[in-house]
Amino acid sequence: MRKGFLAVGAAGLLTLGSLTACGNESGGDQAGSDKTPKIGVILPDSKSSVRWESADRKFLKEAFDAAGVLSDIQNAQGDKNAFQTIADQMITGGVTVLMIVNLDSGTGKAVLDKAKSQGVATIDYDRLTLGGSAEYYVSFDNVAVGKLQGEGLVKCLTEAGVQKPAIAYLNGSPTDNNATLFKEGYDSVLKPKFDAGEYTQVADDSVPDWDNAQAATIFEQQLTKASGKIDGVLSANDGLGNAAISVLKKNNLNGKVPVTGQDADPQALQNILAGDQCMTVYKAVKKEADAAAELAIALAKGERKTTGQTVKDPEGNRDVPAVLLAPAAIYKDNVKDVIADGYVTKEQICTGDYAKLCTDAGIS
Ligand code: BGC
């Protein structure tokens, strides 16, 4: 049924339990070895994606609680000053490990460097802080995420038989390194088509801070500029995709113009069932949270695990030990897999008019 759905797809990808313990390192400079383990987590906001509050917070808390480790999980609500204040309070409050999802690399780096100077070990969660000093980076293969989006858009346009489609890009925040990686992924699929004249690119805009409201305005402008002739929207996540769909709806174009996404938001899964969204990318956040928690708990106990993989931080010119998980593409026919995986519930998705669409899509 779900065979292979979440299979780790590339060499070097790791799942929980495969991290190798190296035990206590000599030297004794590890944070936390003589303190009570306590892990601080700073989430970025609750608006750019529902995942942070509905999935990451929940799965991280469950992992820490299951290990009997104290934790303090806070959300900076998109405010960089608040981000730094929370970090300061956590450090003063005695966290032994700090895990962050940065709002940009500049403030992220300041927080990581300060933590380090106070003997607090750090982890970059989901977003790599360029030029930063985190001991680990735990995320998904974000270029693969973008590749799935590019391939998804091509699949939906091909199935709809659109000739020489005009494509608009709604990229993620320019301050998020992930947005750069997603774009690298979808460009690898779409640029050759633009270059060959098979597709045309009519817009390529980034959405500051992944702000959904701004995304709607930007998409409205893209549509106007293209005189209403946009055949496909490469949107970098579900929030941005939903903003584009709201504009398409106003113009009676929803369902005719495929839109991509990411995060398997309940809203996006409903958009997919309704035919307004082409696809989303499911990232099993529980695996990400479990892997990060496992590393954090080890660090808090003064241990260091090897991850078997590194990513290059081009700014810091450093190889950061990393765990990168495999994403999965979701279309109408496998929305049910996201439910079966426990990421969302049938009750969340199959409400009202969606009940019939759920039955049609094999969601029982
Ligand atoms: C995350 C996405 C999320 C976006 C907006 C990215 O860094 O990887 O899952 O949708 O930020 O919060």
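- As annotated in an unreviewed UniProt entry, the protein chain is Sugar ABC transporter substrate-binding protein from Micromonospora zingiberis.
- UniProt, in its Subcellular location (unreviewed entry) section for the protein chain, records the words "Cell envelope".

## Observations concerning the sheet that holds strand 13 (residues 318-325)
Each strand in a sheet pairs with its neighbour through backbone hydrogen bonds, running either in the same direction (parallel) or in the opposite one (antiparallel).
Here is step 1: Taken in spatial order, the seven strands of this open sheet run 3-2-4-5-6-13-12, and their pairing is mixed. Looking at which strands have only one partner, the edges of the open sheet turn out to be strand 3 (70-75) and strand 12 (310-313). Between one strand axis and the next, the sheet turns through 25 degrees on average, direction left out of account.
Here is step 2: In this sheet, strand 3 lies alongside strand 2 (residues 38-43) in parallel orientation, the contact comprising six bridges.

## Observations concerning the environment of Ser54
Here is step 1: Positionally, Ser54 belongs in helix 1 (residues 51-66).
Here is step 2: The spacing of Ser54 and Val344 is 290 residues in sequence and 9.5 Å in space, taken between C-alpha atoms.

## With respect to the sheet that holds strand 7 (residues 166-171)
Here is step 1: The sheet built from three strands is open, its strands ordered 8-7-9 with parallel pairing. Each end of this open sheet is capped by a strand with a single partner; those strands are strand 8 (200-206) and strand 9 (232-235). Between one strand axis and the next, the sheet turns by 15 degrees as a mean value, whatever way the strands run.
Here is step 2: Both strand 7 and strand 8 contribute to a ladder of six bridges, which runs parallel. Note that in strand 8 the partner of Ala168 across the bridge is Ala203.

## Overview of the packing of helix 2 (residues 80-92) against helix 3 (residues 105-117)
Here is step 1: Look at helix 2 against helix 3: their axes get within 10 Å of each other, and the N-to-C directions meet at 10 degrees. By the criterion of interaxial angle, the relationship of helix 2 to helix 3 is roughly parallel. Residue-level inspection shows Lys80, Phe83, Gln84, Ala87 and Ile91 of helix 2 in contact with helix 3, the latter providing Thr107, Ala110, Val111, Lys114 and Ala115.
Here is step 2: The residue inventory of the contact of helix 2 with helix 3, partitioned by class, reads six nonpolar, two polar and two charged.

## Here's the deal with the domain arrangement of the protein chain
Here is step 1: Here the domain parsing of the protein chain yields domain 1 (2-134 + 284-326) and domain 2 (142-282 + 331-360).
Here is step 2: The distance between the C-alpha centroids of domain 1 and domain 2 comes to 29 Å.
Here is step 3: For the side of domain 1 that touches domain 2, a count of residues per class yields eight nonpolar, four polar and five charged.

What counts and how
Residues numbered from 1 in each chain as written. Predicted model: local features only at pLDDT ≥ 70, side-chain atom pairs only at ≥ 80, totals over all residues. UniProt positions renumbered as here; feature names shortened; annotations may be inferred. Pairing = 2+ DSSP bridges. Helix = DSSP H or I, 4+ residues; strand = E, 2+ residues; numbered from the N terminus. Axes fitted to C-alpha atoms, helices over the stretch in contact; angles between N-to-C directions. Parallel < 35°, antiparallel > 145°, perpendicular 65-115°, else oblique. Contact = placed C-beta atoms within 7 Å. Nonpolar A, V, L, I, M, F, W, Y, C, P; charged D, E, K, R; others polar. Domains from an automatic or database assignment.

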